[in-house]
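So the chains spell out like this:
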Amino acid sequence: MRVAIIHYWLVTMRGGEKVLRALCDMYPEAIIFTHVSNPDLVKKHFPDHEIKHTFISKLPFAQKQYRSYLPLMPMALEELDLNGFDLVISSESGPTKGVVADPGARHICYCHSPMRYLWDQRHLYRREASMPVKILAPLISHPLRVWDVTSAARVDQFITNSAFVAGRIKKYYRRDSTVVHPPVDTSGFAEKVDSGLISSAFRAAVDDAYILAGQLTAYKRPDLAVDAATKLNRRLAVIGEGEASKALKKRAGPSVHFCGRVSDAEMRYAFQNCKALLFPGEEDFGIIPIEAMAAGTPVLALGRGGALETIQDGVTGCLFTDPSMEALIETIETFEANTSTFCPNKIAKHAQGFSLDVFKSNFSSAISP
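Definitions and cut-offs
Counting restarts for each chain, with residues numbered from 1 along the sequence as it is written. At least 70 in pLDDT is required for a residue's local features to be given in this predicted model, at least 80 for side-chain atom pairs to be given and counted, and no such filter applies to totals for whole chains, interfaces and linings, which use all residues. Values shown for side chains rest on all heavy atoms present in the structure; no hydrogens or waters enter the calculation. Only protein chains enter the accessibility calculation, which uses a 1.4 Å probe; a residue whose area is less than 20% of its type maximum is buried, one above 50% is exposed, and one in between is partly exposed. Working definition: helices are DSSP H or I runs of at least four residues, strands are E runs of at least two. Numbering for both runs from the N terminus. Pairing between two strands is assigned when DSSP locates at least 2 bridges connecting them. Handedness rule for crossovers: strands pointing away from the viewer, path from the first strand over the helix to the second running clockwise, crossover right-handed. A fitted line through C-alpha atoms represents every axis, and for helices the fit uses only the stretch in contact; the resulting angles, taken between N-to-C directions, go from 0 to 180 degrees. Here the angle decides the label: under 35 degrees means roughly parallel, over 145 means roughly antiparallel, 65 to 115 means roughly perpendicular, and every other value means oblique. Two helices cross in a left-handed way if the nearer one is turned anticlockwise from the farther one by less than a right angle. They cross in a right-handed way if the turn is clockwise. Should any heavy atoms of two residues lie within 4.5 Å, those residues are considered in contact.

A. Region of interest: the pairing of strand β8 (residues 210–213). Burial along β8 is two-sided: Tyr210 and Leu212 facing one way and Ile211 and Ala213 facing the other are all buried. Here β8 pairs with strand β9 (residues 236–239) via 4 bridges, running parallel. Its bridge partner being in β9, Tyr210 is matched across the sheet by Leu236. In this fold, β8 hands off to helix α10 (residues 222–232), which returns the chain to β9; that crossover is right-handed. In this structure, β8 lies alongside strand β11 (residues 276–279), joined through 2 bridges in parallel fashion. Within β11, the position partnered with Tyr210 by the bridge is Ala276.

B. Focus on the packing of helix α13 (residues 287–294) against helix α16 (residues 344–351). Running from N to C, α13 and α16 cross one another at 135°; their axes reach a closest spacing of 7 Å. Taken together, the axes of α13 and α16 lie oblique to each other. Between α13 and α16 lies a crossing of left-handed hand. Contact with α13, carried on its side by Ile290, Met293 and Ala294, involves Ile347, Ala348, His350 and Ala351 of α16 and no other residues of that element.

C. Representation of the pairing of strand β5 (residues 106–111). With respect to burial, β5 is a largely interior element, 5 of its 6 residues being buried. As paired elements, strand β4 (residues 87–92) and β5 share 6 bridges and run parallel to each other. Paired with Leu87 across the bridge in β5 is Arg106. Relative to strand β6 (residues 157–160), β5 runs parallel, the two being bridged by 4 bridges. By the bridge assignment, Cys111 is partnered in β6 with Thr160.

D. Just the sheet that holds strand β12 (residues 299–302), in detail. Pairing within the open sheet is parallel, and its 6 strands lie in the order β10-β9-β8-β11-β12-β13. For this open sheet the edge positions go to β10 (256–260) and β13 (317–320), each flanked by a neighbour on one side alone. Averaged over all pairs of adjacent strands, the angle between their axes in this sheet comes to 20°, without regard to strand direction. On top of the sheet, α10 reaches β8, β9, β10 and β11; it is set at about 160° to β9, its chief contact. On top of the sheet, helix α12 (residues 264–273) reaches β8, β9 and β11; it is set at about 140° to β8, its chief contact.

Rendered as structure tokens:
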């Protein structure tokens, strides 16, 4: 069986790329098609797979400005030659499902999310965008939405990462989907990190502190965590970077420390030695909370989206329903009054339900005829 895997772009190793790597483990002979790729990332994580690019990769400055070519991506995908492939798997949160497969081929779409910047969070993205994007977005968004819905009809079966996203697929595409939670390297985060390998400055920042980890962008609501920690004068280590970094640093009090990007070992150390992870945004699924729980760390999260499927309130963490600083402060205070009730072993055991082996088994079962 010839297998093609379509992925939007291969420039960073985030949640979507970890799903891609798991799919490549399942289909070692698969050919990967993508718009652009980082050669170093490909060499490290996908060394045994042939990579083919759309014409987007040949356009000026595409390696860094690939998102600017979004209006051309539908055409680029439809121009891919998938002749002779028996199984096509599209990995979708940017445009990928729009490929044209052979009539006899089976097209499975693993949908991380319908494109947020076209659908439910389009206004939030525009508020944070540059002026040229604000001007152009209304002109290109309508035809892209039409294409997005039309291309959904080319998919034989949708699989998605959460019931939350399944609801949005049903809303926007009028299609049913099967939920298969994405894979998380739970074993890696359970392995203790030698503190001697971690700088004293980083240890001082994260030891017994709250942490906020991930891309610092508006929809993830990092402002809630920074404001709550500042108001309560609680130590908070902010791990990650993003377009919201500058504004967050301006509003943060002295108890908030910005660590920037960190190594894998530092990330594991942080999860293993912090007080709890703060997760204040609405996510489609949320891999970071699973990684934290795999280390036995409780998670204080907004009770919306994927968190409702991964966090057990009062057992593996605490959920709050209102996306406000006041609600997060109340949750932190409740957590601190009941820290002894959270068992690290029980939390870590719960995280094992989202392991790589579980993903592979569930994905195989989902696509079985």
